[in-house]
Amino acid sequence: MISVKGYKEISYHDFQTLLHNKKNSSDKSFPEIAVCCQVKNTHTINNAFNTNNQVAKDGLLTKLMVCLGIDGFFLWKDGNRLYFVKNGK
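Read on for an overview of the structure. Given the structure is predicted, the values throughout are model-derived calculations rather than measurements.

Examining the environment of Leu64
Within the secondary structure, Leu64 sits in helix H4 (residues 58-68). Residue class for Leu64 comes out buried when judged on its relative accessible area of 0%. On a C-alpha basis, the gap between Leu64 and Val35 in space is 10 Å, while along the polypeptide they are 29 residues apart. Look past the residues within four positions of Leu64 in its chain and what remains in contact with it is Leu19, Ile33, Cys37, Ala48 and Phe49.

Here's what the structure looks like:
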């Protein structure tokens, strides 16, 4: 397990729950989020909200986190993607 001061590691499921909660509590529509993430269509944004597995690229998810006000990042270790968010979020 990797420890990053001020951040906690979460599962992909918890990451998706956080994304959905932030989207639902924001007043941004999918087209507005697409513009914020600098993508051309909402289908790409819909892929980022896939709860089964990650189909969107890390770069898009990073932009999505910024657009929704999530302080976090991803790391790769031993071929596995790790999700980190700021403690208390």
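Thoughts on the sheet that holds strand S2 (residues 72-77)
Judged by pairing direction, the sheet is antiparallel, and its three strands sit side by side in the order S1-S3-S2 without closing on themselves. Only two strands of the sheet have a single neighbouring strand rather than two, namely strand S1 (7-10) and S2. Geometrically, the sheet is characterised by an average inter-axis angle of 35° between neighbouring strands, direction not taken into account. As defined by bridge partners, S2 adjoins strand S3 (residues 80-86) across six bridges and the pair is classed as antiparallel. Its bridge partner being in S3, Trp76 is matched across the sheet by Arg81. Its contacts with the sheet place H4 against S2 and S3, and it is angled at close to 160° to S2.

A few points about the side chain of Lys23
Looking at where Lys23 falls in the secondary structure, it is placed in helix H1 (residues 12-25). Buried charge without a salt bridge: Lys23, with Glu32 as the nearest opposite-charge side chain at an N-O distance of 7.4 Å. For Lys23, the residues in contact, after removing those within four places along its chain, are Lys28, Ser29, Phe30, Ile33, Phe49 and Leu68.

Considering H1
With 14 residues, H1 should cover 20 Å at 1.5 Å per step; its first-to-last C-alpha distance of 20 Å lies within 8% of that length. For H1, the complete set of buried residues consists of Tyr12, Phe15, Gln16, Leu18, Leu19 and Lys23. Down the axis of H1, the smallest arc covering the buried residues is 160°, so these residues share one side. Within H1, the exposed residues directed more than 90 degrees away from the buried face are His13, Asn24 and Ser25. Summarising the contacts, the buried residues of H1 are in contact with S1, helix H2 (30-36), helix H3 (42-48), H4, S2 and S3.

Cut-offs applied
Residues numbered from 1 in each chain as written. Predicted model: local features only at pLDDT ≥ 70, side-chain atom pairs only at ≥ 80, totals over all residues. Heavy atoms only, no water. Helix = DSSP H or I, 4+ residues; strand = E, 2+ residues; numbered from the N terminus. Buried < 20%, exposed > 50% of the residue type's maximum accessible area, 1.4 Å probe, protein only. Contact = heavy atoms within 4.5 Å. Pairing = 2+ DSSP bridges. Axes fitted to C-alpha atoms, helices over the stretch in contact; angles between N-to-C directions. Lys, Arg positive; Asp, Glu negative; His and termini not counted. Salt bridge = Lys/Arg side-chain N within 4 Å of Asp/Glu carboxyl O. Expected span 1.5 Å × (residues − 1). Arc of directions from axis to C-beta.

That is the geometry; function is a separate question.
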